[in-house]
Structures are given as structure tokens and as C-alpha cells.
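Each chain is listed here by its residues.
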Amino acid sequence: GADRGVEGGKVQYFQRSLSIEDAMNGHVLLAYQMNGVDLTPAHGAPLRLIVAGWYGMASVKWLTSIEIVEGGWWGHQMEAYSFRQAEEDTGRVPLTRLPVRALMAPPGCPEFFSRTRVVAPGAQRITGKAWAGAVALDRVEFSYDGGASWMQAELM
């Protein structure tokens, strides 16, 4: 991408690597519009790589070029956005697909000072969001007793 910064005493342009297999999986696209309107600079105009279901740094903004190289590529951003699977590992694994995530909006409202939730007596409707990155959700389960029992949530 056209964005750059100084890292390690050198000017670094934002670059990410993506295997040909991942690029051809059907969830990668080049975007120049959003909802029928040209992208704004804040969203990566004039061209942005979108890698749906992956961490945001894979969706490079202000795309200036695409290079196909043999054997892959590993640069500064690949190193910065990677992890070791174990402390003794010498190689690093790049961050790619988002894991399954869920978020619940607890019922009631918090008391100002203690943040203890005040809930009206009776049945409560629990709402939330769940997303799974590059895979489809099969089901969402909910526990109201710390995981001792689970019930299937209604997907809307």
C-alpha cells in the first residue's frame, strides 16, 4: 500500500503476503467502491484489497501494486503481525483468519459507582452478536450458570 512509516530505522511501506491458494478462495476482492460510491481515502481509495474473514491488516488500503513471487514473501508487517505457536518455535505464523467471536449485551443497567447490574425481576431477553470470520456459524449456545448448562440461542 501507499501508507508508510519508519520502523527499525527504515521507511517501511505497508505490505502483506497472501498465498495464491488463499487469494483464489473466493473471499478476496479488489474494491474501488463501497455501496455504489467511490471509496474515500479513509476507506483505502483509490483501490483496496479486501480479505473477508481475516484480520484487518490483510485488507491493504491505498493499494499501489500486486506482485506474484515464487516461494512466498516475508517482510516487516508479516513479522509484526505474526506469532509463535510455542515459545521454543523458531518460525512465526502470520495472523490470518478471525476466530469465532461472540458478544453479549447483559440485561439491566449498571449502578453508577459499583457497576453492579440492576435487573428487573422476571424473565429477561439476552441479546448479542456472534461472528466467525471466514466460516459460517452453525449455532450459538448460551449459558446463564457459568457453563454448568447450555441452551441453543435463537439466531436472527
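Residues numbered from 1 in each chain as written. Predicted model: local features only at pLDDT ≥ 70, side-chain atom pairs only at ≥ 80, totals over all residues. Heavy atoms only, no water.

Pro46 follows Ala45 through a cis peptide bond whose omega is 10 degrees. Turning to its location among the elements, Pro46 is positioned in the loop between β5 (37–38) and β6 (48–51). Within the chain, Asn35 stands out as a residue other than glycine whose phi angle is a positive 55 degrees. Within the secondary structure, Asn35 is located in the loop between β4 (33–34) and β5. With relative accessibility at 79%, the residue Asn35 sits in the exposed group. The phi torsion at Trp62 lies on the positive side, around 55 degrees, for a residue other than glycine. By secondary structure assignment, the location of Trp62 is in the loop between β6 and α2 (76–80). On the basis of relative accessible area, Trp62 is assigned to the partly exposed category, the value being 26%. (Helix = DSSP H or I, 4+ residues; strand = E, 2+ residues; numbered from the N terminus. Buried < 20%, exposed > 50% of the residue type's maximum accessible area, 1.4 Å probe, protein only.)

If you walk through the whole model with that rule in mind, you get two salt bridges. When the shortest N-O distance is used, the salt bridge between Asp138 and Arg139 registers 2.9 Å. Since its relative accessible area comes to 44%, Arg139 is described here as partly exposed. Across the salt bridge formed by Glu141 and Arg139, the nearest N and O atoms sit 3.4 Å from each other. With relative accessibility at 42%, the residue Glu141 sits in the partly exposed group. When salt bridges that share partners are traced, they join Asp138, Arg139 and Glu141 into one network. (Salt bridge = Lys/Arg side-chain N within 4 Å of Asp/Glu carboxyl O.)

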